[in-house]
Amino acid sequence: MTEAQDVFKNIQRKPGLQIWTISKMKMVSVPEQAFGIFFEGDCYIILNVSNITTQSTDIHYWIGNTSSQDEQGAAAIYVTQLDEYLDGSPVQYREVQGCESAKFKSYFKSGLIYKKGGVGSGFTHVETNMYNIQRLLHVKGTKHVTAREVDVSWSSFNLGDIFLLDLGKAIIQWNGPQSNRQEKLKAVLLAQDIRDRERGGRAQIGVIEGGQEEASVDLMKIMKSVLGQRTVNLKEAIPDDKPDQNQNSIVKLYHVSDASGQLLVQEVAASPLTQDLLCSTDCYFLDQGGNSIMVWKGKGASDEERRSALSRAVGFIKAKNYPSNTKVEVMSEGGESAMFKHLFKSWKEKSQTHGLGKIHAVGKIAKVDQVKFDVMELHAQPKLAAQERMVDDASGHVQIWRIENLELKEVDRSTYGQFYGGDCYLVLYTYNRANKPQYILYMWQGRHATQDEVTACAYQAVNLDNKYNGAPTQVRVVMGKEPRHFLAIFKARLIIFEGGTGRPGVVNPDPGARLFQVRGTHEMNTKATEVPARASSLNTNDVFLFKTHQTVFLWYGKGCSGDEREMGKAVADLLSEQDKQNVMEGQEPAAFWVALGGKAPYASDKRLEKEVAPHDPRLFECSNQTGRFLMTEVSDFSQDDLDEDDVMLLDTWEEICLWIGNSANQYEIQESYSSAVDYLKTHPAGRDPGTPISTVKQGYEPPTFTGWFNAWDAHKWSNLNNTDLNKKTGGGAGSYSAPGGPENIRSHNQRMSSSISNAHADQSPTRAKPFGMHHSELAQTPNVNQLRQGEDPGKREEFLTDAEFENLLGCCRNNFQRLPKWRQNDLKKKAGLF
C-alpha cells in the first residue's frame, strides 16, 4: 500500500487523463505521448477528471486479452485503493479489450491501438523517430476506432475494413471496397496521429482504394514488395459489432450482504425501479440483462463490503454465466453515473429543492429563493435555453391549420389557442435568429381524433416541411403533454377541450356541466384543460372553472398560490363572460356539490410543484438493422459526434429529439420516429409514452437543441469541406466524389507514389516533406507554398481562383467573409495558406 500511496501522491487533480500500466505488479505511469496505445498482454488503470465545473472523476481498469490473472488481480486492488484515496467519489469501470465502453473510447479521439506483447516483455509504448518498422493494422469502427496489429499478410485483409501498412517513413492506407465514408475519414485521422505522435511528422501517407487499385500502381508495388503477390481472393467483409447499448427493458436490482458471514445476493425488484429501494447501509447490484452490471455502494456500508464490491461483481458475472467481457461499473452513493440514474423511474438529488413554480438552477447549484424564469437569459445562456425548452420569448408569428377531410384548413385567428380533442392541428411558429427566419412545426394530436386524421396530420406536416425546404423543427405534441414553448406562444389563452371539434358549422353535443383545470403562474406557462365533471377530478393545489347552465364557479384549492389564482381568473374570462362565483376549498355551497354529482375523495395532499428529476442528457446513434431498436451511446458528446450520415437521438428526459444528418439513409429517416416511440416504450424506467418527440435537421438546429452541446459552432455545417469521400454504403468505382472526380485522385496518388517510393527505399531519418493526408487534400490542390508575383503572404486566399478557394477552404468567398477573423485564420492554417 505504501508504494501505491507514493504513486497516488503524484496524481494531478486537474481535468484530463492519467494512465498507468501494471508492470511487475506495480503501477507505472504511461507517458501522455502513448495515450491510446495498449499492449494486449498488460492491464492498465485510467483516471479521468472531467473538465466541467463539477469535476466528476472516473476510474477505468483495462484488461488485455493475453494479460495474466496476477496482473488483473493487481489492477483490481490498485483501483480499489485509488478509489479510497480519492474518498470514494469516482465511478469505477471494468474494461475488457475489444469490448470497451463508449465512455472509455471517447477519451481517445484518434482511436485505440492494440499492440502485441507487453511492457514486461521489453516492449515500449512509443519510440519516436524509429523507422525500422513493418506492421499491419486492422482498423474498424466509425464513431470509435480501434486498430489491432495483425499478421503482415494478404490473408489478414478483407473487403469491408481498412488496413494501414506502416513502413516507418511511409504509411499506406488500403480502403476495402465495401468500407464507408466515415470509416475512411477516421482511418486517415488515425494514420495522421501515428505519423505525428510516433514519427514526429516525418512520414508520408498514401491512400489506395481497394476497388480501384489500378489507379495507384506505384503504391500497390510497395504493398506487394512487402506482402508478396496476392494469390487468393480477399475474405468477405466482417460484420461490425452490434451496438453495445441494447436497450433492455428488464432491469433487476439485487441486494448484496455478508451480515451472516457468507455472501448473499438476493433479488429485490425488477424495472421500473424507484430510488427508495436503495438503502445507505447496503450494497446493490443492478443487472441490465447481462449487458452490464452496476454496483452501488451505500455510504453506511461496511468497509469490507465497499472494498470487495468490484471482485464480487466479477463473481456475480461468473455465477450468472454471463460473458467474461460483461461491463462492470461501480459507484458510491452520491456519485451515481447518468446511466444509473436513467434506469430509475425518478431520481432526486440530496440538494434538490422544491418550490412554488419551477425553480431552475444554473449548473448544479440549486436556487433556494423562488424566481420567475427570465426569458432574456436564453440569449446569454444556451444551456438554460435547452433546459427550459424555450427557443425565444414566444413573440414570433403563429399560423394554425386544422385537419379537415384529411386536408389542411386554416384556423380563424380569433379562435387561436382553442384545441379540441376530436381534431388534429399543425401550428407553425416563425421566429428570427441572426436575422434569419427559423421555424418550429408543432403537430398537435387530439386524444379522440381518428387514425386517418392522425396519419393525415403527419403527411401534411411533411408537405409543409418541404414547402420550407426542410427547415422547420418538427415536434409531435400529444394532447395534455404540451411543451413549455407551446404554452408560451398562446399567452395564457390555451384551452384544451376534451372532445368535439372546432370545425365551423359543426354543432358539438351539449356536454352539460363542464369542468376545467387551470394550471400556471404567468402567461408563459398557463393552460386550461377540460377534465371529467365530477368531484374526484378536483385537486387541492389548483384552480378549477366549473361551468353549468345556470352558474359559473371559480374554485380555488388551498394549495394554489396568488399567481395561480390570478391566472385562473384570466382564463375563466376567456371561457365564459358570465359573472363567476368564487368558491374557496372547504367553503363550497351545496349547489356546487349537487352539480358535480355529489362529494367524492380527490387529491387533497398539499404538494409543492413537482420538480423534474435531474437527468443528464444522453446522445445515441440509432440503428434498426436487426429488426429491433438498437442504439449506441456517445459518451461525453459534442457537436463533432453529429455525423451527417446518421440519425441521432438526444434524450433530455423531458423531450426526445431526433437529429437528421443531411446524408442520412432514407430508411433510417423513415424509421427514426417509430424508433423513438419504441425507445420510450422499452425504457427500463417506465418513461411516459407521451413525452414530446421533435425532429431537427442538420443546419437548422434551434437553441433548445444546441444548448445541450458545449461550444456549439453555428458555422460548422457551412464550413465542412466540399470534398467528400464516398457515401455511407459506397464502394467500387467512383469511391471518392471530390470535386473533379476520380481522375483527381489518380493524379494525386501518382504524385504521392513517387514520393513514398523514395521514402520506402530510404528508411533514413532525414526530414521528409510532411504530407498531411487530410480528406480535404485528397482532391487536386494548387501549390499554395509558391507565392505568385505581388502576392501578400497573409492574403494568399485572395489570389486563388473560385474553384481553388472552395476546394481549399470548403466554402465560397461570401460565406468565408462572414466568418469571424479567428475562424478565417483557422481555416487558412488548415489549408496551408499561412
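Quick caveat: nothing in here was measured; it's all calculated off a predicted structure.

Rules behind the numbers
- Residues numbered from 1 in each chain as written.
- Predicted model: local features only at pLDDT ≥ 70, side-chain atom pairs only at ≥ 80, totals over all residues.
- Heavy atoms only, no water.
- Helix = DSSP H or I, 4+ residues; strand = E, 2+ residues; numbered from the N terminus.
- Buried < 20%, exposed > 50% of the residue type's maximum accessible area, 1.4 Å probe, protein only.
- Contact = heavy atoms within 4.5 Å.
- pLDDT = per-residue confidence, 0-100.
- Core = buried A, V, L, I, M, F, W, Y, C linked by side-chain atoms within 4.5 Å.
- Pairing = 2+ DSSP bridges.
- Axes fitted to C-alpha atoms, helices over the stretch in contact; angles between N-to-C directions.
- Polar contact = N/O pair within 3.5 Å; in protein donor to acceptor, adjacent residues only side chain to side chain.

**Some remarks on the overall build of the protein chain**
Link 1 in the chain: The secondary structure content of the protein chain amounts to 21 helices and 34 strands.
Link 2 in the chain: Sorting the 834 residues of the protein chain into buried and exposed places 54% on the buried side.
Link 3 in the chain: Considering only intrachain contacts with a sequence separation of at least 6, the fraction spanning at least 24 residues in the protein chain is 66%.

**Topic: the confidence of the model for the protein chain**
Link 1 in the chain: Of all residues in the protein chain, 77% attain a pLDDT of 70 or more, and the chain-wide mean is 77.
Link 2 in the chain: Counted against residues more than four places away or in other chains, residues 351–380, with its pLDDT under 50, gives 56 contacts.

**Digging into the nonpolar core**
Link 1 in the chain: Membership of the largest hydrophobic core comes to 41 residues, with the highest contact counts inside it found for Ile400, Phe419 and Val427.
Link 2 in the chain: Once residues lying within four places of it in the same chain are set aside, the contact partners of Ile400 are Lys409, Glu410, Val411, Tyr416, Gly417, Phe419, Tyr425, Leu426, Val427 and Phe490.

**A closer look at the sheet that holds strand S11 (residues 170–175)**
Link 1 in the chain: Ordered by their spatial adjacency, 7 strands build an open sheet running S3-S7-S9-S8-S10-S11-S12, and the pairing between neighbours is mixed. Two strands lie at the open edges of the sheet, namely strand S3 (37–39) and strand S12 (204–209), each paired on one side alone. Between one strand axis and the next, the sheet turns through 25° on average, direction left out of account.
Link 2 in the chain: Bridge count between strand S7 (residues 112–115) and strand S9 (residues 146–150): 3 bridges; the pairing is parallel. Note on S9: the bridge partner recorded for Tyr114 is Arg148.
Link 3 in the chain: Contacts from helix H4 (residues 181–198) reach S3, S7, strand S8 (135–140), S9, strand S10 (162–166), S11 and S12, with the element oriented near 20° to S10.

**Quick notes on the side chain of Asp83**
Link 1 in the chain: Here Asp83 lies in helix H2 (residues 69–85).
Link 2 in the chain: Owing to a relative accessible area of 4%, Asp83 belongs among the buried residues under this scheme.
Link 3 in the chain: One polar contact links Asp83 to Lys297, side chain to side chain, over a distance of 3.3 Å.
Link 4 in the chain: Ignoring any residue separated from it by four or fewer positions in sequence, one finds Asp83 in contact with Ile59, Gly88, Ser89, Pro90, Gln92 and Lys297.

**With respect to unusual backbone geometry**
Link 1 in the chain: Residues other than glycine seldom take positive phi values, yet Asn405 does so here, at roughly 55°.
Link 2 in the chain: Along the chain, Asn405 falls in the loop between strand S18 (397–404) and strand S19 (407–410).
Link 3 in the chain: The residue Asn469 is not glycine, and still its phi comes out positive at about 55°.
Link 4 in the chain: You can see Asn469 is positioned in the loop between helix H11 (451–467) and strand S23 (473–478).

**Re the sheet that holds strand S20 (residues 418–420)**
Link 1 in the chain: Taken together, 7 strands build an open sheet; the order of strands is S20-S24-S26-S25-S27-S28-S29 and the sheet is mixed. The open sheet has two edge strands with one neighbour each: S20 and strand S29 (580–584). Recorded for the sheet is a direction-independent mean angle of 20° between the axes of neighbouring strands.
Link 2 in the chain: Examined bridge by bridge, strand S28 (residues 552–556) and S29 share 5 bridges and lie parallel to one another. Each residue of the ladder has a partner; that of Leu554, found in S29, is Asn582.

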